[in-house]
Amino acid sequence: MCGIVGYIGNRDCTEILLGGLEKLEYRGYDSAGLALVDVDNNIILKKALGKLVNLKEEFKGFKNECHLGIGHTRWATHGRPSVKNAHPHLDCQERFILVHNGIIENYEELKEELINNGHTFQSDTDTEVIVHLVEENFDGDLLEAVKKTINTIDGAYALGIMDIKDPEILIAARHGSPLVVGGNEDEKFIASDTPAILKYTRKIFYMDDREIAVLKRNSIYFYDYEGKKIEKMHRILNWDPLMAEKAGYDHFMLKEIYEQPRAVRETLFSKIKKEKFFFEDLKIDKERLKDLRKINIVACGTSYHASLIGKFIFEKVLRIPVDVDYASEFRYRDPILDKDSVVIVVSQSGETMDTLEALRIAKDKGAYTIAIVNVFGSTMSREADGVIYTIAGPEIGVASTKAFTSQLMTLYSLSVYLGEKLGICFESDNVVRTLKTLSPMIETVIDDVDIYKQIATNYHKATDFLYLGRGINYPVALEGALKLKEISYIHAEGYPAGEMKHGPIALVENEVPSVFVVNKSPLYKKVISNIQEISARDGIIISIATNGDNLIQKYSNKVIYIPEIEEFYSPLLTVIPTQLIAYFIAKKRGADIDKPRNLAKSVTVE
Ligand code: F6R
């Protein structure tokens, strides 16, 4: 949450930094700010409440040439969204300028101490203590001052700090919040996430916790908190910067929905060699698996819903019990794990704080940890014992879509791979063949947009929606409800269809739509009964059914058809209509689809 970006180099950087903030806006958009030093050593500091467009407005007609700057886009934690709470923040002498992503937990004590020492605060943020501490600790050497400061603060942070009196240096520090450093010969960048700088450089250093980077135009040096120099290896990223552009779509979310056939195909293809599954970065041997009695999967939000489907997949393929936990619960419930346990964390960003902490707890207890992540080089990918990348490409829309289906593809592939290692599954050729058919099927489900537009026209004024499914499609119902509520702000609940009669059915009346996943499955008839229970109470029925199912028309106000597929694989198809229903309803309601209120894409606070 919150995005920071910084530049030092030979180019004029105002547009570079504003462009970088645009790519980071998914991390928060309560306010934005930019501090620059121009060639005449003037300091320019502009902030604006709300989305980045407001800050861009402030820079209209701005012509000063600047070679150093830091910017911030905020998701408010301490201090309500306002201009005074927007970053960058200054010290009392207005010499040091700072941007921060994270939370300083001991800021109240520090603030009191600083005020007693004569410092004056301008904002209600936790962040401002850091820049006053730099001022307090400065004795001619910025690196020393930063080092002293970060040894005083507790919590999570990614920082960018400049000294107006020395525009030849930019300092960054990381503990607990993501931060990358990148650069070319004569220019260097810092950013919370790579898409912010991908247009200019593909040479990326991933900062680890308790590291400081000192950036000059021609050099980058890394230090630990004791001031010892660290040698860090860079990586060359092969993400195409165009993947982080809207490419003519109205919203990133729609573009990302359309990208799913490619995302799942590439995810699958990256895991097969000669029609067998192959996981390059998963160093798990037969010996490690021989005493495997249970698998834990841990995640948040949409990734949690993918993990619930993972439970159905693993239990069917491996016949090993699987527990799925919300990371925010798992980390505090003293989970029973040991060296024979396997814990899989699932995360698009690879940075979600609760999931990351869950991973660390699992590691501490001796479990073998696997991270399924989308962002290359993310903290989880570096800390887990084994890593599996989904090849979704950058997901910018706050509502996750292509990451979800790519996670499912990975879970199917991984289950069979582990099954083969355990000697209990020998069907990988068949599974590969079936999984290969899914990408074109997803394409056909997406292509029929008229039906989603009609549903949006008819039902966008509803105040409540229900989403219902059974078995492996019950988590799809949860995901459909989450998608609708987060981008359209309509109250929606997902339930296992058979559970309706135990309470939620009380919500049904003639203006409440229920979206049923009613594809071909052994429980088809049971779902039809559940539909009838709702019809009998005048509820509106939208069904996601299998091609050729004419019976369902009789029970539904609208039917969306998906191609015929074994129930086991069907979530990869049934989820697509739920994404498009949410998208077109939100659009019809005029909602800000890519930046829903109160949300941020990467939740790096507890
Ligand atoms: C919903 C959504 C969130 C994320 C959740 C976990 O559309 O995007 O619920 O799924 O915040 O994020 P990751 O997967 O990055 O750990």
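Residues numbered from 1 in each chain as written. Predicted model: local features only at pLDDT ≥ 70, side-chain atom pairs only at ≥ 80, totals over all residues. Heavy atoms only, no water.

Following the criterion strictly, the structure yields 14 aromatic pairs and no others. Aromatic pair tyrosine 304 and tyrosine 326: ring centres 3.7 Å apart, planes at 20°, arrangement stacked. With tyrosine 304 in helix α9 (residues 301-318) and tyrosine 326 in strand β19 (residues 322-326), this pair connects stretches of sequence that are 22 residues apart. In this structure tyrosine 304 comes out as buried when scored by relative accessible area, which is 10%. Seen from their ring centres, phenylalanine 465 and tyrosine 467 are 6.1 Å apart, and the 25° between their planes marks the pair as stacked. Taken together, Tyr7, Phe189 and Tyr200 form an aromatic cluster joined through their ring pairs. A cation sits over an aromatic face here: lysine 232 above phenylalanine 222, 5.9 Å from the ring centre. It is lysine 316 that lies over the ring of phenylalanine 568; its NZ or CZ is 5.4 Å from the centre. (Phe/Tyr/Trp six-rings, centres within 6.5 Å; stacked < 30°, edge-to-face > 60°. Helix = DSSP H or I, 4+ residues; strand = E, 2+ residues; numbered from the N terminus. Buried < 20%, exposed > 50% of the residue type's maximum accessible area, 1.4 Å probe, protein only. Lys NZ or Arg CZ within 6 Å of the ring centre and 35° of its normal.)

Bringing the pairing of strand β4 (residues 66-74) into the picture now. Of all nine residues in β4, nine are buried, a share of seventy percent or more. With six bridges connecting them, strand β1 (residues 3-9) and β4 associate as antiparallel partners. Among the inter-strand pairings, glycine 3 is bridged to a residue of β4, identified as threonine 73. Direction of pairing for strand β2 (residues 31-38) relative to β4: antiparallel, over a ladder of eight bridges. Residue leucine 36 lies in a different strand from β4, and its bridge partner there is glycine 69. (Pairing = 2+ DSSP bridges.)

Another aspect to go through is a negative patch on the surface. Taken together, the side chains of Glu105, Glu108, Glu109, Glu112, Glu113, Glu136 and Asp154 present a region of like negative charge at the surface. Ranked by residue count, the leading element in the negative patch is helix α3 (residues 107-116), at four residues. Relative to the elements of secondary structure, glutamate 113 occurs in helix α3. (Patch = residues over 30% accessible without salt bridge, like charges linked within 9 Å, V, L, I, M, F, W, Y side chains within 5 Å. Areas by Shrake-Rupley, 256 points an atom, 1.4 Å probe, with all protein chains shown as cover. Salt bridge = Lys/Arg side-chain N within 4 Å of Asp/Glu carboxyl O. Lys, Arg positive; Asp, Glu negative; His and termini not counted. Charge placed at Lys NZ, Arg CZ, Asp CG, Glu CD.)

It is worth spelling out the sheet that holds strand β24 (residues 491-496) at this point. Strand order in the open sheet formed by five strands is β24-β23-β25-β26-β27, and the pairing between neighbours is parallel. Of all strands in the sheet, those bounded by a partner on one side alone are β24 and β27 (558-562). Strand-to-strand, the axes of this sheet are offset by a mean angle of 15°, without reference to chain direction. In this sheet, strand β26 (residues 540-546) lies alongside strand β25 (residues 513-517) in parallel orientation, the contact comprising five bridges. Opposite valine 517, over in β26, you have isoleucine 544 as the bridge partner. (Axes fitted to C-alpha atoms, helices over the stretch in contact; angles between N-to-C directions.)

Let us now look at the UniProt feature "domain: Glutamine amidotransferase type-2" (unreviewed entry) in the protein chain. Following the UniProt record, the feature "domain: Glutamine amidotransferase type-2" (unreviewed entry) maps to residues 2-218 here. Taken end to end, residues 2-218 has its terminal C-alpha atoms 28 Å apart, with 22% of it in helix and 35% in strand. (UniProt positions renumbered as here; feature names shortened; annotations may be inferred.)

Packing of helix α4 (residues 128-137) against helix α5 (residues 142-150) leaves a shortest axis separation of 8 Å and a crossing angle of 125°. As far as their axial angle goes, α5 and α4 are oblique. For the pair α4 and α5, the crossing hand works out as right-handed. Residue-level inspection shows Ile130, Leu133, Val134 and Asn137 of α4 in contact with α5, the latter providing Leu142, Ala145, Lys148 and Thr149. Residues of the contact of α4 with α5, tallied by class, amount to five nonpolar, two polar and one charged. (Parallel < 35°, antiparallel > 145°, perpendicular 65-115°, else oblique. Left-handed = near helix turned anticlockwise from the far one by under 90°. Contact = heavy atoms within 4.5 Å. Nonpolar A, V, L, I, M, F, W, Y, C, P; charged D, E, K, R; others polar.)

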